[in-house]
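Residue-level structural notes
So the chains spell out like this:
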Amino acid sequence: MTETVHLINQFIQIACLSAAAVLAARRRGWLFRLLAGAFGCYLLGDVFYMLHIWIYGQFPSGFSVAYLSYIGTYFFLLSIDLWLAGEWTDEQKKALRPYRKVSLAAPAAVIVLHCVYYIRDGGFFINLLFCVPLSFLAYYSLLMLLAGGVESGLEPPPRQYHGAVLFYVLAENMMFLGSSLGSDAMYIAFDLMMSFTMLLMYRAAAKGAGAIEN
Amino acid sequence: MIYSENIFVCLAAPLLIAVFLLEGDTRRFIGFFLLGLTACLLAGYCNGYIEQFAVGNGLGETQFVIQFAPVCEEILKALPVFFYMAVFEPKRRGIVSCALAVGLGFATQENVGYIAYYGAGELPFALVRGFSAGIMHAICAAILGYGLSFVYRRRWLEITGSFAVICAAATFHATYNLLVSAEGAWRGLGYILPVVAAAVILLFVRQAGKATSGRRE
């Protein structure tokens with residue numbers, strides 16, 4: 001039963017993400033290209049995951065290319081944040097200083113959670129692979145959520161976008177926690193949430209696109 | 001037994017001569033095509049070593065081909081493009097054509113190796129190799145080339161963007177390997193996948209081109 005629900009969930013994700021990727025590709029501009037890349041990576045990971053279950057009846061234990069694809073999604077999202085950060089002037093960077101220390105709380109939480117997963121389930125390499133990009137993504141998302149639009153001087157502020165990315169990071173970690181605790185319901189619920197969060201990301205990015213794209 | 005080195009020498013020798021005779025974009029394309037052949041040869045060695053290690057640790061051969069070989073191959077295909085970006089500071093279009101040349105070179109060496117091993121007597125086999133694996137490598141190279149050309153010349157973005165595009169290319173490659181390593185309809189789907197993906201990419205590129213020219217008018 002859980003397996004069926006999980007597969008249906010994957011179908012919903014594929015449908016949602018395909019639609020978002022098509023829309024993102026049509027809009028052009030650097031933001032939507034990177035977003036399309038993130039959505040595409042997520043979609044590829046899900047397709048691989050589903051096909052492996054269908055063909056071999058189980059998901060491989062240990063390292064899988066699907067993980068690499070999800071990590072690719074984080075790197076695409078991180079690239080968006082780095083692109084935005086690259087536009088900041090020295091004055092804006094100075095103004096952001098008070099927020100930097102507070103923002104370190106997000107990667108710290110991610111690292112602690114991954115240490116917990118490692119202690120419970122092992123898999124040092126896989127945990128490290130996920131932990132590094134997720135920590136950076138959590139840091140930049142929280143920094144831009146706290147300060148974006150005020151110090152960066154970008155109007156309208158793409159805060160909703162950064163909020164969605166931060167929620168995505170949270171949902172990913174909750175999904176891992178669900179897997180670690182052996183709770184399929186928790187895993188599926190947060191998996192589904194992640195898909196819808198990506199749609200929110202797209203919507204928020206489209207709202208702020210006029211302001212943040214050159 | 002495939003004598004990959006012999007095949008490589010046979011394919012590379014005339015191209016090497018051409019590199020010295022030609023100039024400009026054509027020379028660059030042939031040069032990177034040659035690097036693609038070399039990347040395929042190196043991938044054969046690397047895959048061999050990793051396979052020994054992986055199979056020794058309880059991973060099946062099929063799982064190795066699905067999970068590890070694509071990652072290794074895509075990284076090796078990306079290396080010449082990274083070198084080109086770091087040393088020559090090229091234009092964006094140059095990066096795309098170089099990545100494609102590497103991908104096509106890789107596909108050529110791999111296809112000739114397969115044909116030498118299984119024989120060239122069966123036309124359907126040759127068609128499948130050419131239109132599925134060949135196009136798949138070209139698509140992976142295109143993902144790499146377009147992705148890298150986009151993030152190029154933006155400090156930290158080059159690092160994160162490079163990781164991201166390699167991940168995307170490796171997953172597409174792995175999905176293809178997963179399908180063609182299965183039996184029956186799945187394998188058929190695997191053979192069709194690169195052609196369908198290429199058609200979708202061409203459609204997007206055309207539409208994007210139309211949108212750009214429309215804006216210019």
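Residues numbered from 1 in each chain as written. Chains lettered and ligands numbered in written order. Predicted model: local features only at pLDDT ≥ 70, side-chain atom pairs only at ≥ 80, totals over all residues.

Quick look at the overall build of chain B
On a plain count of helices and strands, chain B comes out with eight helices and zero strands. Listed N to C, the secondary structure of chain B is α-α-α-α-α-α-α-α in terms of helices and strands. Taken over the C-alpha trace, chain B has a radius of gyration of 18 Å; the compact-globule value for 217 residues is 17 Å, and the two agree within 12%. Counting only C-alpha atoms and orienting by the principal axes, one finds that chain B spans roughly 55 × 40 × 40 Å. Each of the 217 residues in chain B was classed as buried or not, and the buried ones make up 40%. Counting contacts in chain B only where the partners sit at least 6 residues apart, residues at least 24 apart contribute 70% of the total. (Helix = DSSP H or I, 4+ residues; strand = E, 2+ residues; numbered from the N terminus. Rg over C-alpha atoms; globule rule 2.2 N^0.38 Å. Buried ≥ 20, exposed ≤ 12 C-beta atoms within 10 Å, placed from the backbone. Contact = placed C-beta atoms within 7 Å.)

Digging into the overall build of chain A
A tally of regular secondary structure across chain A gives eight helices and zero strands. Going from the N terminus to the C terminus, chain A shows its helices and strands as α-α-α-α-α-α-α-α.

Re helix H5 (residues 105-121) of chain A
All names here are of chain A. In a regular helix each residue adds 1.5 Å, so 17 residues correspond to 24 Å; H5 covers 24 Å between its end C-alpha atoms and thus fits that length. Every buried residue of H5 is listed here: Ala106, Pro107, Val110, Leu113 and His114. Buried residues of H5, seen end-on, are gathered within an arc of 125° and therefore sit on one face of the element. Exposed and oriented more than 90 degrees from the buried face of H5 are Ala105, Val112, Cys115 and Ile119. (Expected span 1.5 Å × (residues − 1). Arc of directions from axis to C-beta.)

Concerning the interface of chain B and chain A
How big an interface is tends to be stated in terms of accessible area lost as the parts join. Each partner contributes residues to the interface: chain B has 28 residues there, and chain A has 28 residues. Going through the elements one at a time, helix H3 (61-67), helix H4 (69-88), helix H6 (123-151), helix H7 (155-180) and helix H8 (185-216) of chain B are the ones with two or more residues in the side of chain B that touches chain A. Element by element, the count of residues in the side of chain B that touches chain A is highest for H7(B), at 15 residues. Per-class residue counts for the side of chain B that touches chain A are 20 nonpolar, seven polar and one charged. (Nonpolar A, V, L, I, M, F, W, Y, C, P; charged D, E, K, R; others polar.)

Considering the packing of helix H2 (residues 24-56) of chain B against H4(B)
Residue and element names in this part refer to chain B. Where H2 meets H4, the closest approach of the two axes is 9 Å, and the angle between their N-to-C directions is 145°. Of the two possible hands of crossing, H2 and H4 adopt the one that is right-handed. For the pair H2 and H4, the contacting residues are Phe32, Leu35, Ala39, Leu42, Ala43, Cys46, Asn47 and Ile50 in the first and Ala69, Cys72, Glu73, Leu76, Lys77 and Pro80 in the second. A breakdown of the residues in the contact of H2 with H4 according to their chemical character gives 11 nonpolar, one polar and two charged. (Axes fitted to C-alpha atoms, helices over the stretch in contact; angles between N-to-C directions. Left-handed = near helix turned anticlockwise from the far one by under 90°.)

Examining the environment of B:Phe172
Secondary-structure assignment places B:Phe172 in helix H7. Each C-alpha atom of the pair B:Phe172 and B:Ala120 lies 27 Å from the other, and the pair is 52 residues apart in sequence. Residue contacts for B:Phe172: discarding those within four places in its chain leaves A:Leu44, B:Ile139, B:Cys140 and B:Ile143.

Some words on the nonpolar core
By size, the foremost hydrophobic cluster in this structure holds 113 residues, and its most contacted members are A:Leu35, A:Leu137, B:Val81, B:Ala99, B:Val102, B:Leu144 and B:Cys167. Among residues more than four places away in sequence, those in contact with B:Val81 are B:Ile95, B:Cys98, B:Ala99, B:Val102, B:Leu144, B:Gly145 and B:Leu148. (Core = buried A, V, L, I, M, F, W, Y, C linked by C-beta atoms within 7 Å.)

Notes on the packing of helix H5 (residues 92-118) of chain B against H6(B)
For any two helices packed against each other, one specifies the crossing angle of their axes together with the interaxial distance. All names here are of chain B. Here H5 crosses H6 at 155°, and the two axes come no closer than 8 Å. The orientation of H5 with respect to H6, classified from their angle, is roughly antiparallel. As H5 runs across H6, the sense of the crossing is right-handed. In the contact of H5 with H6, the residues fall into 21 nonpolar, seven polar and three charged. (Parallel < 35°, antiparallel > 145°, perpendicular 65-115°, else oblique.)

Focus on the confidence of the model for chain A
Residues and elements named next belong to chain A. Counting all residues, the mean pLDDT for chain A is 79, and 79% of those residues have values of 70 or more. For chain A, helix H1 (residues 2-27) is the element with the lowest average pLDDT, namely 63, and helix H3 (residues 65-86) is the one with the highest, namely 89. Contacts of residues 153-157 to residues separated by more than four positions or lying in other chains number 12 contacts, the stretch itself having pLDDT below 50. (pLDDT = per-residue confidence, 0-100.)

As for the confidence of the model for chain B
The predicted coordinates ought not to be read in detail in places where the model reports low pLDDT. Residue and element names in this part refer to chain B. Across chain B, the average pLDDT comes to 86, with 94% of residues at 70 or higher. Element-level pLDDT for chain B is lowest in H8, with a mean of 78, against a maximum mean of 91 in H4. Overall fold confidence for the complex sits at a pTM of 0.88, while the interface term, ipTM, reaches 0.87.

Section: H4(B)
The α-helix winds at 3.6 residues per turn, so residues separated by three or four positions along the chain end up facing the same way. For H4(B), with 20 residues, the first-to-last C-alpha span of 29 Å sits near the 28 Å given by 1.5 Å per residue. The largest bend in H4(B) is about 25°, located at B:Leu79, with the proline B:Pro80 one to four residues further on. Those residues of H4(B) that sit buried are B:Ala69, B:Pro70, B:Val71, B:Glu73, B:Glu74, B:Leu76, B:Lys77, B:Ala78, B:Pro80, B:Val81, B:Tyr84 and B:Met85. On its buried face, H4(B) sits against H3 of chain A together with H2, H3, H5, H6 and H7 of chain B. Immediately downstream of H4(B), the backbone of B:Glu89 shows phi near 45°, a positive value. (Bend = angle between axes of the 7 residues up to and from the residue.)

Considerations on the environment of A:Gly40
Residues and elements named next belong to chain A. Position of Gly40 relative to the elements: it lies in helix H2 (residues 29-56). We classify Gly40 as buried; it has 25 C-beta atoms within 10 Å. Sequence separation of Gly40 and Ser69 is 29 residues, and the distance between their C-alpha atoms is 9.0 Å.

Overview of the environment of A:Ser79
As for its placement among the helices and strands, A:Ser79 is situated in helix H3. When the 31 C-beta atoms within 10 Å are taken as the criterion, A:Ser79 is described as buried. Remark: the alpha-carbon pair of A:Ser79 and A:Leu35, spanning 44 residues in sequence, is separated by 9.5 Å. Look past the residues within four positions of A:Ser79 in its chain and what remains in contact with it is A:Leu34, B:Val151, B:Leu157, B:Thr160, B:Gly161 and B:Ala164.

With respect to unusual backbone geometry
Of note in the backbone geometry, B:Glu89 takes a positive phi value of approximately 45° without being a glycine. Topologically, B:Glu89 is positioned in the loop between H4 and H5.

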